[in-house]
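Summary of structural features
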Amino acid sequence: MDNLEKLQDAISGHLVEIATRIPSVHEEGVEEGKKTEYDAFWGAFQDGGKRNKYIYGFAGSGWTADNFKPKYDIILSGNNNFAFNSNAARIDLAAYLESKNLKLDTSGMTSASEIFRLSAFTRLPKLDFNKAGSMYFTFRECSNLHTIDEINVTASNAYNNTFYGCTSLVEVRFNGTIGNSIDFHWSTGLSAESYKNIINHLDSTATGVTLTVPTNAPAVYDAKYGSGSWKRDTDDNINIKGWSFAYA
Amino acid sequence: MHNRIILEASEGMMLTDGKGYYVRVSLGDWDSPDNYREVPKEEYEKMLDADAEVDTNDD
């Protein structure tokens, strides 16, 4: 080793000693290291933000509130079944994304089957399922899920057990048209505002379809909007006479 | 006002159309009482237990 290399090693050693002995310098170094690792991991995992297929991508209980911290927009295009299956990050995903100025882009999805199955999220951001078609078990057993900010749908979306086991769901808002049978009976805490939104988005041209709700839905609705309002807005609503209303 | 037919399950029973189980159904203009039959609540509860078992095994 020549003298220059020896000098460099000695200086590096002193710098490390200085960094270790001065807490603020040490902490900055540690934080910088963490950021470097974070950038490297998420840059690779999300392909610098270009990744748009996450089939099982965020699945598994290994994902937690401590490590589920995407750096880039989460873009889901085409089929992304089970993308968040059993994801254990019990977080408000909408709030996280907002805080990082990121978005969850589902507008290119051609199926929304089981993407959030058994995930632990408490709140989901706007979900564009206009092209998704099938919403087979989309939110299956999302037992911590309290709020879905918005679900964009067309009359073509099909809801086979979409909200199966969503026992904590209180707030859900649709945008677009609900054109096929849909079942919320697992969500016994659904708010009156949610019911009003659902009713207001039922396809008035649909027939052969059923809206299923918990048995307490009329009481919840009437408590908010006045006695008889549920009957007025469902059974007596000529605009949705093609809908059966089932209570389970 | 649209006069609907309302079906109510008897005590200890559920209504089913083969797709789901209900305690009450308000029929749309396309629907008919013939589409529903009553089944004992036990049948519904057995179906729930069977579902739960599938969930346990399924992952």
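Residues numbered from 1 in each chain as written. Chains lettered and ligands numbered in written order. Predicted model: local features only at pLDDT ≥ 70, side-chain atom pairs only at ≥ 80, totals over all residues. Heavy atoms only, no water.

Details of the layout of surface pockets
What the largest pocket holds in volume is close to 590 Å³. Along the walls of the largest pocket sit 22 residues, with Asn161(A), Asp183(A), Trp186(A), Lys19(B) and Gly20(B) positioned nearest its centre. Broken down by secondary-structure element, the contributors of at least two residues to the lining of the largest pocket are β6 (182–183) and β7 (209–213) of chain A together with β3 (21–22) and α1 (41–57) of chain B. At four residues, the largest contribution of residues to the lining of the largest pocket is made by α1(B). Residues that form the lining of the largest pocket fall into these classes: ten nonpolar, eight polar and four charged. (1 Å grid on protein atoms, 1.4 Å probe; cavity = no way out; pocket = protein on both sides within 12 Å on 5 of 7 lines; lining within 4 Å. Points joined across faces, edges and corners; volume = space filled by probe spheres on them. Helix = DSSP H or I, 4+ residues; strand = E, 2+ residues; numbered from the N terminus. Nonpolar A, V, L, I, M, F, W, Y, C, P; charged D, E, K, R; others polar.)

Looking at the sheet that holds strand β5 (residues 171–176) of chain A
All names here are of chain A. Taken in spatial order, the three strands make up an open sheet running β3-β4-β5, and their pairing is parallel. In the strand order of this sheet, the two ends are held by β3 (123–128) and β5, each with one partner. Direction aside, the axes of adjacent strands within the sheet are offset by 15° on average. Bridge count for strand β4 (residues 147–153) against β5 is five bridges, and the pairing is parallel. Pairing of Thr147 across the sheet is with Glu171, part of β5. (Pairing = 2+ DSSP bridges. Axes fitted to C-alpha atoms, helices over the stretch in contact; angles between N-to-C directions.)

A look at the interface of chain A and chain B
Across the contact, 29 residues belong to chain A and 21 residues belong to chain B. Both sides of the chain A and chain B interface together cover about 1,800 Å² of buried area, and 42% of this is carbon and sulfur. It is Asp235(A), Lys241(A) and Tyr247(A) that lose the most area in chain A upon contact with chain B, and together they represent 28% of the buried surface on that side. For the side of chain A that touches chain B, the secondary structure elements donating two or more residues are β7 and β8 (243–247) of chain A. (Contact = heavy atoms within 4.5 Å. Buried area = accessible area lost by both parts, 1.4 Å probe.)

Things to note about the nonpolar core
Generally speaking, nonpolar side chains in soluble globular proteins are found buried as a group. Counting residues in hydrophobic clusters, the biggest one holds 60 residues, and the most contacted among them are Phe139(A) and Phe163(A). Ignoring anything within four residues of it in the chain, the contact list for Phe139(A) reads Phe116(A), Leu124(A), Leu127(A), Phe129(A), Leu145(A), Ile148(A), Ile151(A), Thr162(A), Phe163(A), Tyr164(A) and Cys166(A). In terms of nonpolar packing, the next biggest core, distinct from the first, is built from nine residues, Ala248(A), Leu7(B), Leu15(B) and Tyr36(B) among them. (Core = buried A, V, L, I, M, F, W, Y, C linked by side-chain atoms within 4.5 Å. Buried < 20%, exposed > 50% of the residue type's maximum accessible area, 1.4 Å probe, protein only.)

A look at helix α5 (residues 217–225) of chain A
Within the span of α5(A), buried status applies to Ala217(A), Pro218(A) and Tyr221(A). Down the axis of α5(A), the buried side of the element spans an arc of 90°, and every buried residue falls inside it. Exposed and oriented more than 90 degrees from the buried face of α5(A) are Ala219(A) and Ala223(A). Those residues of α5(A) hidden inside the fold are in contact with α4 (192–200), β7, α6 (229–233) and β8 of chain A together with β4 (24–26) of chain B. Looking one or two residues past α5(A), Gly226(A) carries a phi angle of roughly 105°, positive in sign. (Arc of directions from axis to C-beta.)

Points about the packing of aromatic side chains
Under the counting rule described, the total for this entry stands at 34 aromatic pairs over all chains. Both rings, one in Phe116(A) and one in Phe121(A), keep their centres 6.4 Å apart while their planes meet at 80°; by these two values the pair is edge-to-face. Across this residue pair, the class does not change: Phe116(A) and Phe121(A) are buried. Of note, Arg140(A) hangs over the ring of Tyr164(A), and the distance from its end group to the ring centre comes to 5.6 Å. Arg24(B) extends its terminal NZ or CZ atom over the ring of Tyr247(A), reaching a point 4.0 Å from the ring centre. (Phe/Tyr/Trp six-rings, centres within 6.5 Å; stacked < 30°, edge-to-face > 60°. Lys NZ or Arg CZ within 6 Å of the ring centre and 35° of its normal.)

Topic: the environment of Leu124(A)
Residue and element names in this part refer to chain A. Relative to the helices and strands, Leu124 is located in strand β3. The spatial distance from the C-alpha of Leu124 to the C-alpha of Glu28 is 34 Å, given a sequence separation of 96 residues. Those residues in contact with Leu124 that lie beyond four places of it in its chain are Leu93, Ala94, Phe116, Phe139, Leu145, Thr147, Ile148 and Asp149.

Brief notes about the pattern of salt bridges
One pass over the structure, following the stated rule, counts 19 salt bridges over all chains. Shared partners join several salt bridges into a network, and the residues in it are Asp92(A), Glu98(A), Arg123(A) and Asp149(A). (Salt bridge = Lys/Arg side-chain N within 4 Å of Asp/Glu carboxyl O.)

Here we look at the packing of α4(A) against α5(A)
Residues and elements named next belong to chain A. Contact pair α4 / α5: the axes reach a minimum separation of 9 Å and the direction vectors enclose 100°. Between α4 and α5, the angle falls in the class roughly perpendicular. Packed against α4, whose contacting residues are Ala192, Glu193, Tyr195, Lys196 and Ile199, the element α5 presents Ala217, Val220, Tyr221, Lys224 and Tyr225 at the interface. Each residue belonging to the contact of α4 with α5 can be placed in one class, and the counts come to seven nonpolar, no polar and three charged. (Parallel < 35°, antiparallel > 145°, perpendicular 65-115°, else oblique.)

Observations regarding the confidence of the model for chain B
Here chain B shows a mean pLDDT of 86. Residues at 70 or above account for 83%. Our summary of model confidence lists the complex with pTM equal to 0.90 and ipTM equal to 0.89. (pLDDT = per-residue confidence, 0-100.)

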